[in-house]
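Observations on chain architecture
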Amino acid sequence: QASLNQTALDWARNMGNIYAAIDEAVAQGSDILALEELALTGYEANDEFQRTDNARILDALQDIANYAAALDPGLIISIGHPWRLQIRDLPDDPARPYQKTKEPLYDRLNLPFNVQSIITGGALHSMTAKTNLFNDERGYEKRYFNEWDMESADRAEIGRAHV
């Protein structure tokens, strides 16, 4: 595991820290490098998370994948970042008619998900969104992120297989 000192939305600095962590993991012969929640963007971006740009995030993740693969194609990296997902044509739930706009996947509040991705072999392989957000005392994650809901994902047929 590498605990990085990331700065909110300082892309160049954060990427440099990630590359250094990859260098160290490869030097130590690690099989897995686990980076913290929101390691790509930094944690304290607050309302700026609403401006999550999936294309920029995908580019950064691919750069990380390429860099790691050049050093050790077998290194597995887990890295956290925000991810926007809006599905406006969700199927209706007969048990809850007219509620689809309240589904997290519909994203009426324009909030991204807080996800952890797996990278190996030069490619992004999966994303897992956080299902339980901290929302007490000092933590207000629900202000900045949607909470993943498996029932909603199953109805949209994206659940466990792909996002």
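About the thresholds
- Residues numbered from 1 in each chain as written.
- Predicted model: local features only at pLDDT ≥ 70, side-chain atom pairs only at ≥ 80, totals over all residues.
- Heavy atoms only, no water.
- Pairing = 2+ DSSP bridges.
- Helix = DSSP H or I, 4+ residues; strand = E, 2+ residues; numbered from the N terminus.
- pLDDT = per-residue confidence, 0-100.
- Polar contact = N/O pair within 3.5 Å; in protein donor to acceptor, adjacent residues only side chain to side chain.
- Contact = heavy atoms within 4.5 Å.
- Core = buried A, V, L, I, M, F, W, Y, C linked by side-chain atoms within 4.5 Å.
- Buried < 20%, exposed > 50% of the residue type's maximum accessible area, 1.4 Å probe, protein only.
- Expected span 1.5 Å × (residues − 1).
- Phe/Tyr/Trp six-rings, centres within 6.5 Å; stacked < 30°, edge-to-face > 60°.

What follows concerns the pairing of strand 4 (residues 123-129). As paired strands, strand 3 (residues 113-120) and strand 4 are joined by six bridges and run antiparallel to one another. Looking at strand 4, one finds that S117 is bridged to M127. Here strand 3 folds back onto strand 4 in antiparallel fashion, the turn holding two residues, of which G121 has a positive phi close to 60°.

On average, residues of the chain carry a pLDDT of 88, and 93% of them reach 70 or more. Predicted confidence in the chain is weakest over strand 6 (residues 139-140), with a mean pLDDT of 74, and strongest over strand 1 (residues 32-34), with 98.

When you line up the elements, R84 lands in the loop between strand 2 (76-83) and strand 3. A polar atom in the side chain of R84 sits 2.4 Å from the backbone oxygen of Q50. When residues no more than four places from it in sequence are discounted, the contact partners of R84 are F49, Q50, R51, T52, N54, D107, N110, L111 and P112.

In this section: the nonpolar core. L33, L35, L40, I64, I77 and I79 are the most contacted members of the largest nonpolar core, which has 34 residues in total. Put simply, the parts of the chain that give this core at least two residues each are helix 1 (11-27), helix 2 (54-71), strand 2, strand 3 and strand 4. Excluding residues that lie within four positions of it along the chain, I64 makes contacts with M15, I18, Y19, I22, L40, I77, I79 and I119. One finds A45, F49, Y144 and F145 within the second-largest nonpolar core, a separate group that totals six residues.

Moving on, we get to the side chain of Q6. Summarising the element assignment, Q6 is placed in the segment before helix 1. Dropping the residues within four chain positions of it, Q6 is found in contact with R13, N14, N17, I18, E36, A39 and G42.

Turning our eyes to something else, we now look at helix 2. Relative to the 26 Å expected for 18 residues at 1.5 Å per residue, helix 2 spans 26 Å between its end C-alpha atoms, a close match to the ideal helical length. For helix 2, the elements touching its buried residues are helix 1, strand 2, strand 3 and strand 4. In this structure D53 caps helix 2, since a side-chain oxygen of it lies 3.1 Å from the backbone nitrogen of A55.

This structure, assessed with the given rule, holds three aromatic pairs. Relative to Y67, the ring of Y19 has its centre 4.5 Å away and its plane inclined at 40°; by these criteria the two rings are tilted. Of this pair, Y19 sits in helix 1 while Y67 is found in helix 2, placing the two residues 48 residues apart along the sequence. Under the relative-accessibility criterion, Y19 is labelled partly exposed at 23%.

A few words on the environment of N54. Among the structural elements, N54 can be located in helix 2. For the pair N54 and F134, spaced 80 residues apart in sequence, the C-alpha separation works out to 23 Å. The residues contacting N54, other than those within four sequence positions of it, are W83 and R84. Within the local environment of N54, its side chain forms a polar contact with the backbone oxygen of R84, the two atoms lying 2.7 Å apart.

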